[in-house]
Amino acid sequence: MNFNKRNIFQRLFGVCITQPPQDPTCWSFKDGLLIVDLDRTSELTDPGGAIRLERDDLPDKVLIIHGDDGNYHAFQNVCQHGKRHLDPVPGDNTVQCCSIGKATYDYEGKILYGSAKDKLKIFPLDLDEGKLFINIE
Ligand code: FES
């Protein structure tokens, strides 16, 4: 298992690595469907890339990654230990909490490390014509 390199202050204050997309128009949300245009989301071009999405009308915080397995994955961006944000761990097929506890989950949301009690919530997605369609329930 690998851990993202973060200093003690970043861990203490829960400063995550993953940022919102540079192009805020790359995504939309309506009627429970989150749509991400990959042509306008350069952060997701390569495996290991990620964005986090948060907005008042979005019912959950969402982490979207281009996984090491070559697929895209969408997670509720809320660690099941203490509710902090998550980041992908490049080359490790995992996502990991930015906080001290370093809770780590696989792409199915299963806990691999740390003291989280529950699985991480996964959002189902489809890829069609360069767009991700993510069902936010
Ligand atoms: S909040 Fe994630 S490990 Fe504690």
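Below is a short write-up of the structure. Here the structure is a predicted model, which is why all the values come from computation and not from measurement. (Residues numbered from 1 in each chain as written. Predicted model: local features only at pLDDT ≥ 70, side-chain atom pairs only at ≥ 80, totals over all residues.)

## Comments concerning unusual backbone geometry
In plain terms, the rule: Working definition: helices are DSSP H or I runs of at least four residues, strands are E runs of at least two. Numbering for both runs from the N terminus. Here a residue counts as buried when 20 or more other C-beta atoms fall within 10 Å of its C-beta, as exposed when 12 or fewer do, and as partly exposed in between; the C-beta atoms come from the backbone.
Backbone geometry places asparagine 93, a non-glycine residue, at a positive phi of 55 degrees. Here asparagine 93 is to be found in the loop between β6 (86-89) and β7 (94-97). The phi dihedral of glutamate 129 falls on the positive side, at around 50 degrees, and the residue is not glycine. Judged by the 7 C-beta atoms lying within 10 Å of it, glutamate 129 falls in the exposed class.

## Thoughts on the sheet that holds β7
Quick reminder of the rule: Should DSSP find at least two bridges between two strands, the strands are regarded as paired. Axis lines are fitted through C-alpha atoms, for helices just across the contact stretch, and the angle between N-to-C directions can take any value from 0 to 180 degrees.
A sheet is described by the order of its strands in space; here four strands give the open sequence β6-β7-β8-β9, paired in antiparallel fashion. Among the strands making up the open sheet, the edge pair consists of β6 and β9 (111-113). Here the strands of the sheet are splayed against their neighbours by 35 degrees on average, with no regard to which way each runs.

## Let's talk about the environment of asparagine 2
Put simply, the test is: Contact between two residues is assigned when their C-beta atoms, built from the backbone, lie within 7 Å.
Secondary-structure assignment places asparagine 2 in the segment before α1 (8-13). On the basis of neighbour count, asparagine 2 is assigned to the exposed category, with 12 C-beta atoms found within 10 Å. Sequence-wise, asparagine 2 and glycine 49 are 47 residues apart; in three dimensions their C-alpha atoms are separated by 17 Å. Each residue touching asparagine 2, except ones within four places of it in the same chain, is listed here: Val89, Gly91 and Asp92.

## Considering the nonpolar core
The cut-off we apply is this: Any nonpolar core is a set of buried residues, restricted to Ala, Val, Leu, Ile, Met, Phe, Trp, Tyr and Cys, that join up through C-beta atoms within 7 Å.
Formed by 26 residues in total, the largest nonpolar core has its most connected members in Val36, Val62, Leu63, Ile64, Phe75, Leu86 and Val95. Secondary-structure elements contributing two or more residues to this core are β2 (33-37), β3 (50-53), β4 (62-66), β5 (72-76), β6, β7 and β12 (131-135). Ranked by residues supplied to this core, first place goes to β4 with four residues. Each residue touching leucine 86, except ones within four places of it in the same chain, is listed here: Leu63, Phe75, Asn77, Cys79, Val95, Gln96, Cys97 and Cys98.

## Points about the pairing of β2
Of the two faces of β2, only one is covered, namely that formed by Leu34 and Val36; the face formed by Leu33, Ile35 and Asp37 stays uncovered. Pairing geometry for strand β1 (residues 27-30) and β2, over four bridges, is antiparallel. For serine 28, the partnering residue across the bridge sits in β2 and is isoleucine 35. Here β1 hands over to β2 after two residues, with aspartate 31 in that stretch at a positive phi of 50 degrees.

## A few points about the sheet that holds β1
Within a sheet, each strand pairs with its neighbour through backbone hydrogen bonds, oriented either parallel or antiparallel. Pairing is antiparallel in the open sheet, where four strands are placed in the order β1-β2-β12-β11. If you trace the sheet from one side to the other, it starts and ends with β1 and β11 (125-128), each paired once. Sheet twist, expressed as the average angle between the axes of neighbouring strands with direction ignored, equals 20 degrees. Pairing analysis gives five bridges linking β2 to β12, with the strands arranged antiparallel. Among the inter-strand pairings, leucine 34 is bridged to a residue of β12, identified as isoleucine 134.

## Quick look at the environment of proline 90
Structurally, proline 90 can be placed in the loop between β6 and β7. The sequence separation of proline 90 and cysteine 79 amounts to 11 residues, and the corresponding C-alpha distance is 18 Å.

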